[in-house]
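Below are the chains, spelled out letter by letter.
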Amino acid sequence: MVNHLTQKDGLIASEVSCVLKDQMQNFWVGTYSGGISKIDFKTNKIKNYSPKEGLSDADITSMMQDKAGNIWCGTNYSNMFRFNTDGKTLTHFRDSGSYIVCIFEDKAGNIWYSSRDKNGVFRLNKNTVTVTRFDMRQGLPQDQVVRIWQDSDENMWFCTFNGVSRLEKNGKLLRNFTEKEGFKLSIVESVVEDKYGNFWFSNLADGIIHLNYKNKTFVHFTEKEGLSNNTVFGI
């Protein structure tokens, strides 16, 4: 069964920017101009949140739920905020910058996010509420980070407009993979680690790259190698 929900059915707006399924099987729908709708399909009830309910902005760009059950939301024109576990109270992070592209929780419980307003990627320690910034000054190949991901060894990966960067678990060493190193994808849409510890990357124009990190070798798969299309949304 397919349910088509629009503003007529109770959504706060019909232009949807992102969707999140939480631990209680509720769906949080971020919109471009209205705010957020929380859908409970068990009761068929919709709860809407807008700046009237305390949101810092009605233009939602990203959402993520952490292990504790908090819902983190990025906005286009204002700061990042968090729905606390009670689902009612909000915490605002005034210095996060605007246009939060992505939000990610690592295995240690730190919150990582990237902002188009403040270049680079940021790590928020939830316990101390301190923020550490990584940008080109720390070795990123490019300051616009579009994806954040963590591998099985707890190293962080940052996908930029100019390849990808790997930050070691100790937080000190950045290793870049760009066109200079043979990495022929620009904006990476998805990252997957296979059971052998190799990494697969895709984007919307240039196919797939397989990275053997141990040997630092790449294999590039495109239509020439048999892909049905070079546009790969995910792996």
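Residues numbered from 1 in each chain as written. Predicted model: local features only at pLDDT ≥ 70, side-chain atom pairs only at ≥ 80, totals over all residues. Heavy atoms only, no water.

**Student:** How would you explain the layout of surface pockets if you had to name every residue and give the values?
**Tutor:** Any space left empty among the atoms is revealed by the rolling of a water-sized probe across them. Approximately 300 Å³ is the volume found for the largest pocket. In terms of lining, the largest pocket is formed by 13 residues, of which the most central are S62, V101, C102, V146 and R147. Taken together, the elements giving at least two residues each to the lining of the largest pocket come down to β5 (60–65), β9 (100–105) and β13 (145–150). For the lining of the largest pocket, the per-class residue count stands at nine nonpolar, one polar and three charged. Empty space within the second largest pocket amounts to approximately 210 Å³. Around the second largest pocket, the lining is made up of 16 residues, and of these D22, W28, K38, T85 and G87 lie nearest the centre. Grouping the constituent residues of the lining of the second largest pocket by class yields five nonpolar, seven polar and four charged. (1 Å grid on protein atoms, 1.4 Å probe; cavity = no way out; pocket = protein on both sides within 12 Å on 5 of 7 lines; lining within 4 Å. Points joined across faces, edges and corners; volume = space filled by probe spheres on them. Helix = DSSP H or I, 4+ residues; strand = E, 2+ residues; numbered from the N terminus. Nonpolar A, V, L, I, M, F, W, Y, C, P; charged D, E, K, R; others polar.)

**Student:** Give me the pairing of strand β10 (residues 111–115): which residues, what numbers.
**Tutor:** Where burial is concerned, most of β10 is hidden: five out of the five residues are buried. What you see with β10 is no split at all: I111, Y113 and S115 on one side and W112 and S114 on the other are buried throughout. In terms of strand pairing, β9 meets β10 through five bridges, oriented antiparallel. Residue pairing in the sheet places F104 in a bridge with W112 of β10. Sheet topology note: the β10/strand β11 (residues 121–125) ladder contains four bridges and is antiparallel. (Buried < 20%, exposed > 50% of the residue type's maximum accessible area, 1.4 Å probe, protein only. Pairing = 2+ DSSP bridges.)

**Student:** Could you give an account of the pattern of salt bridges, with specific residues and numbers?
**Tutor:** Pairing between side chains becomes possible if they bear opposite charge and their charged atoms approach one another. Within this structure, the stated rule accounts for nine salt bridges. Residue R137 is joined to D135 by a salt bridge in which the shortest nitrogen-to-oxygen separation is 2.7 Å. Residue R137 is classed as exposed on the basis of its relative accessible area, which comes to 67%. The partner of R166 in a salt bridge is E168, and the shortest N-O contact between them spans 2.6 Å. E168 gets classed as buried once you look at its relative accessible area, which sits at 18%. (Salt bridge = Lys/Arg side-chain N within 4 Å of Asp/Glu carboxyl O.)

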